[in-house]
Structures are given as structure tokens and as C-alpha cells.
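Here are the chains, one letter per residue:
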Amino acid sequence: MKPLVLTGVLSLLALTLPAAAQERVSVTVDATKPGAKIDRRIFGQFAEHLGSGIYEGVWVGKDSAIPNTRGIRNDVVAALKAIKVPVVRWPGGCFADEYHWRRGIGPERKAMMNANWGGVIEPNTFGTDEFMDFASQVGAEAYISVNVGSGTVGEAAEWLEYMTSSAENGIGAERAKNGHPEPYKVPFVGLGNESWDCGGAMTPDFYVSQMKMYARFVRNYNKAQPMQRIAVGPNGGDTAYTEAVMKSYKGRSWAWDIEGLSLHYYTTGGGFPLTQKSTGFGEKEYAVILQDTLKMDELIKTHSAIMDKYDPEKKVSLVVDEWGAWYVATPGTDPGFLKQQNTQRDAVLSALNLNIFARHADRVRMANIAQMVNVLQAMILTDKDKMLLTPTYHVFRMYVPFQDATFIPVTLNAGTYSFGDIRLPRVDALAARGTDGKIYLSLTNLDPKTPVDIDVASLNFKVKTATGETLSAATFDAYNTFAAPATIAPKAVTAKMADGKVMVRLSPASVTVLTLHP
Ligand code: AHR
């Protein structure tokens, strides 16, 4: 097919713009070279028993005045359904390696201390059956992290038996008695969490020997649903676990296997102890955080290269099952509850990461942002019966067409946004052909002060109109509050067309998703 290249033109509007804004960015979408499928699971969530992430955020109890279905908040479920949450990782996090599932089933729940997060009492009211109910209400798959740190292989094996075996089986019968005769589907099991740190501070070799036993004995009995086992992998740039786990994978015997390797990387803008605030920051902090978050690309490349060495066929997925911004906790809240606000900066940050995952779709097949409700870079914040959607939520909603879409390469002269010594690309872009056959283009303006004019060239297909939504804010540190929950919300946008060219102006620090209509 004959390639059609649309190039940039200057609009009359440019005459009124500041000089920097007149440097147009030309984007070329090459639909002739489709890439890998962007697994919908890169839009996955992580929900830990931490702060008000589960209790209040998801679970209010059957007798609550807050509208609920079997104890689970209706407003939160509806909001999560709207972003088509593909998968939820639960129950942790560090919590998972101290979780004993039997305390959270049946009529008698046994409370425990949540030693990791605030030392509060964990009532275990929200247990396996409640989580599965929640996942099913949302329409998400379950990703269960089993306890490798303080549990036993037998305990984890019996948990999977409880969830996945038939009601005729002894432990399956317990589940049936607890109200769910049908076996649950468990497509993903995490074999520990951060075993290099809160999960037991294990050396890579020690972890590998543990992991093999869990991979062998933690079985799935539900034939209707294959299960993938995800081993603990790297902490940021540390390659020791990647090497050890992948080397053992290459030498695996018939007796065990894994299908995924986990990567954790948080954007902190300076590491721990935390220094960056979630609100009330300046342009320097804006730039520091975006610079830090873009390291995700290098990390994925580093670990993918090691994985390629041991698994050139890319059978093992890289699963970024904890990522996102981690700031100083909101003043006045328990620091152990990891509560933080979510600004327009976080919207930009999330788009940049989702774009990175999509560009590595051949290896990254799941990612789980930390965390879904009320914790870290949340989709949703709740306050008693009130709920607000964060800018990050809106990006996830705008990106729904990218779920299971086919990656399309994009080239652009992004230019540079700089602040002090920090130099970042001014614009980032992602294109894909959706499962509906349409072409979608996401454009992110990283520059927090200056708009950018874009023209879009498309190879091999002629664009007649381009419509979509844009997420911008009056300031890059703006956020939604319970008093003003719609301060930041997507607005409809129709790109200008000139001689078949798509022309759009991106506001400072904004995310725009367009459908390119033929
Ligand atoms: O998401 C908060 C914590 O961060 C998780 O419990 C742990 O896995 C990570 O260190």
C-alpha cells in the first residue's frame, strides 16, 4: 500500500503564541508496521491491606449506610468498571508475606496485627471470598500473592486448593460451604513479594530454592483457567534476582516452571527517606519526578536483556507489579497508611509509564499500579461516603482503547523540555490499532508551562477527522478534592484538519488521546 505522509503546517494561531510554542512537533504514525499486542493487563491494579486501601476504600461491610453489594462499595466498583480494570493483585505487598489465608475465610474470622502498615488490627473481614467477589463485581482477573516469607509451601498449596479445586474435594468443599461451590479462576499467582527485602531479605540463591518448591506444589486445580506463576524479580536496577531466577529458569526440570518475573520500581525523586511532596511543589520537583519516572524504560531494557539471554523466546513475562509515585504522606495522616494526593503531574507520570510498558509489549505483559484506592498513586480517593477520581484515574480511562490493542510505531521530533540540568523530551506519543480496528494516538506534553502544537503524519492511511479527550489543569500541581472533585477531568477535543493533516495544540503538562478516523 502506498504510504501517505502528512507533514506539519503552521496555523494562524501560531502568530499569537510565545516563541517556544511555535516549535511544532511532527508526529508520524506508521500503521504499516504493527508491533506486539499491548496486553490489557498492563493497566492492572494493586490492592493491599494497607491504610484505607481495602477497609473504607473497597469494603464497608454489609450493614454500612454507604451503598454496597455484599459489603463492597458500589461507587468504587462502578468507577473501576469504567476503566475496565483487567487484573487486581492482592493481598500485598509486604502484607502478603505475613498473611495467613485461613484467618480470612468462613464465619469466624481471626484478627491479626498488620505489622507492616501502621500496626493496626487487621480484622480479616475481607478475605479470599470477599476479594473474589470484588474482582468479579469489577470484572477483573485475580492475581494472588502467596506467603513465601512467613508461611509454608503447604499453606500456600492449600490456599490454591481452596480457591481452585472442585466442591467434591475436601478443601473445595469448605469453599462451597462458605458460599461458592464453583471453583474460582486464579490466572496469576505471585510466588512471594520483594523477597529481597520485606519478604524475608533472602539472598537470590536462597529465594530461588524456595521459589522452586512453591512453583512445584502451589497447584491450580481449575482446568477452565490456566495459571501463571510469577517469581519475585528485581528491585529497581539491581539485577541479582533477575540473573538468579532466569538462570534457574533456563535450567528448570519437568518438575517446576514459571511464567513471569516481577519488577518493582517506584518514582520517589530521591529514594527513601522520602522528600518529595504530593502537592504544593514547584517546577523543579515536577521535573525531578518526571526524570525519575522515565528511568522505567532503562530498567525494563536492562532486565529484558538478561531475560533474553536465558529466555530468547520471551516465554517469561516481565510483570511490573508495583509501580507509581511514592511521596511523603499527606500531613495529618498516619505515615504507615501511605496516603497521598494525586495531581496533574501524576497524570503525566502515568501516561509516560503506560507508554513505556506499551513500547515493551513483547516482554511486559502485566503491570499493576500501586495502589488502587487511597494508597500511593491511587485511582480513587474516598472519604466516608464520598469518592473522587484522581487525574491518574482519568488517564487510565482515556487509555482503555489501548487495552489489547496492537502497537504501532510512532516517530517524532519531540524536542526538549529543560529545567536546570534536567532535560526531558518535550512530547511523548503512543499509537495503536484498537481491537475495534480504529487507530488511537496518545500525546503527552511534558512541558509544564508551554503549550505545544502538533501535526500528525500517518503512513498508509488517510485521516479525515481526529477526535478524543484531553486532560489538562490550570497548574501542574492542581488536584481534585472532595469539595471540588471535577477540578481535573477530561474534556472533549476535536483536532483541526488542514489538507488532510491533523493539527492539535497540547496544553502544558497534559495528556491527550485521539482517535484518527479514516
Ligand atoms: O506498595 C507499598 C509497598 O511497597 C508494598 O507493600 C511493598 O511490596 C513495596 O515495598
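Computed from a predicted structure; not experimentally measured.

*Asks:* How do you make sense of the site of the ligand when you look at a structure like this?
*Replies:* Around the ligand sit 13 residues in total, of which Glu48, Cys94, Glu194, Tyr266 and Glu322 are the nearest. Residue cysteine 94 places a main-chain N or O atom 2.9 Å away from an oxygen atom belonging to the ligand. Within the side chain of glutamate 322, one N or O atom sits 2.7 Å away from an oxygen atom of the ligand. Judged by the proximity of its atoms to the pocket grid, the ligand belongs to the largest pocket. The residue inventory of the shell around the ligand, partitioned by class, reads 7 nonpolar, 3 polar and 3 charged.

*Asks:* Can you walk me through the packing of helix α7 (residues 283-293) against helix α9 (residues 344-359) in this structure?
*Replies:* What describes two packed helices is the angle between their axes and the distance between those same axes. At their nearest, the axes of α7 and α9 sit 10 Å apart, and the two run at 15° to each other. Comparing their axes, α9 and α7 come out roughly parallel. In this structure, α7 crosses over α9, and the sense of that crossing is right-handed. When α7 is examined against α9, the residues Glu285, Tyr286, Ile289, Leu290 and Thr293 are found in contact with a partner set consisting of Arg345, Val348, Leu349, Leu352, Asn353 and Ile356. Among the residues making up the contact of α7 with α9, the classes are represented as 7 nonpolar, 2 polar and 2 charged.

*Asks:* What's the story with the sheet that holds strand β27 (residues 510-517) in this structure? I'm lost.
*Replies:* Either a parallel or an antiparallel arrangement is found when strands of a sheet pair, and the pairing is made through backbone hydrogen bonds. Ordered by their spatial adjacency, 6 strands build an open sheet running β16-β20-β21-β27-β23-β24, and the pairing between neighbours is antiparallel. Looking along the sheet, the strands with just one partner apiece sit at the ends: β16 (406-408) and β24 (491-494). Neighbour to neighbour, the strand axes of the sheet diverge by 25° on average, direction disregarded. Its contacts with the sheet place α9 against β16, β20 (427-433), β21 (439-445), β23 (465-471) and β27, and it is angled at close to 50° to β20.

*Asks:* Could you clarify how one ought to interpret the sheet that holds strand β2 (residues 44-46) in this entry?
*Replies:* Taking strand neighbours around the barrel as the criterion, the 8 strands line up as β2-β5-β8-β9-β10-β11-β12-β13 in a closed arrangement whose pairing is parallel. Within the sheet, the average angular offset between the axes of one strand and its neighbour, ignoring direction, is 25°. Note that strand β9 (residues 188-191) and strand β10 (residues 228-231) share 4 bridges and pair parallel. Note on β10: the bridge partner recorded for leucine 191 is alanine 231. Along the sheet, helix α3 (residues 153-164) makes contact with β5 (87-90), β8 (141-146) and β9, crossing β8 at roughly 160°. Its contacts with the sheet put α9 on β11 (260-267), β12 (317-325) and β13 (364-370), and the angle it makes with β12 is roughly 170°.

*Asks:* Would you take a moment to explain the packing of aromatic side chains for this structure?
*Replies:* How two aromatic rings sit relative to each other is given by the distance of their centres and the angle of their planes. Considering all chains together, one arrives at 23 aromatic pairs under this definition. Residues phenylalanine 43 and tyrosine 399 carry aromatic rings whose centres are separated by 6.3 Å and whose planes lie at 50° to one another, so their mutual orientation is tilted. One end of the pair, phenylalanine 43, is in the loop between β1 (25-30) and β2; the other, tyrosine 399, is in the loop between α10 (391-398) and β16, with 356 residues separating them in the sequence. Using a relative accessible area of 0% as the deciding quantity, one classes tyrosine 399 as buried. Measuring from ring centre to ring centre gives 6.5 Å for tryptophan 101 and tryptophan 159, while their planes differ by 5°; the resulting arrangement is stacked.

*Asks:* Can you walk me through α3 in this structure?
*Replies:* At 3.6 residues per turn, the α-helix brings residues three or four places apart onto the same side. For α3, built from 12 residues, the straight-helix expectation of 16 Å at 1.5 Å per residue is met to within 8% by its first-to-last C-alpha distance of 16 Å. Where burial is concerned, most of α3 is hidden: 9 out of the 12 residues are buried. The complete set of buried residues in α3 reads Val153, Ala156, Ala157, Trp159, Leu160, Glu161, Tyr162, Met163 and Thr164. Elements in contact with the buried residues of α3: β5, α2 (128-138), β8, α4 (170-177), β9 and α5 (204-217).

*Asks:* Could you clarify how one ought to interpret the side chain of glutamine 210 in this entry?
*Replies:* Topologically, glutamine 210 is positioned in helix α5. Judged by relative accessible area, glutamine 210 falls into the buried class, the value being 18%. Residue contacts for glutamine 210: discarding those within four places in its chain leaves Val148 and Met202.

*Asks:* Honestly, the state of the cysteines in this entry has me stumped. Any pointers?
*Replies:* Disulfide: a covalent bond connecting the sulfur atoms of a pair of cysteines. Tallied over the full model, the rule gives 1 disulfide. Disulfide pairing places cysteine 94 opposite cysteine 198 at an S-S distance of 2.2 Å. Measuring handedness by torsion sign, the sulfur bridge of cysteine 94 and cysteine 198 sits at about -95° and is left-handed. Here cysteine 94, found in the loop between β5 and β6 (112-114), pairs with cysteine 198, found in the loop between β9 and α5; they are 104 residues apart in sequence, far enough to count as distant. Overall, cysteine 94 belongs to the buried group, its relative accessible area being 11%.

So, how was this worked out
- Residues numbered from 1 in each chain as written.
- Predicted model: local features only at pLDDT ≥ 70, side-chain atom pairs only at ≥ 80, totals over all residues.
- Heavy atoms only, no water.
- Near = heavy atom within 4 Å.
- Polar contact = N/O pair within 3.5 Å; in protein donor to acceptor, adjacent residues only side chain to side chain.
- 1 Å grid on protein atoms, 1.4 Å probe; cavity = no way out; pocket = protein on both sides within 12 Å on 5 of 7 lines; lining within 4 Å.
- Sits in = over half its atoms within 2 Å of the grid points.
- Nonpolar A, V, L, I, M, F, W, Y, C, P; charged D, E, K, R; others polar.
- Axes fitted to C-alpha atoms, helices over the stretch in contact; angles between N-to-C directions.
- Helix = DSSP H or I, 4+ residues; strand = E, 2+ residues; numbered from the N terminus.
- Parallel < 35°, antiparallel > 145°, perpendicular 65-115°, else oblique.
- Left-handed = near helix turned anticlockwise from the far one by under 90°.
- Contact = heavy atoms within 4.5 Å.
- Pairing = 2+ DSSP bridges.
- Phe/Tyr/Trp six-rings, centres within 6.5 Å; stacked < 30°, edge-to-face > 60°.
- Buried < 20%, exposed > 50% of the residue type's maximum accessible area, 1.4 Å probe, protein only.
- Expected span 1.5 Å × (residues − 1).
- Disulfide = S-S within 2.5 Å.

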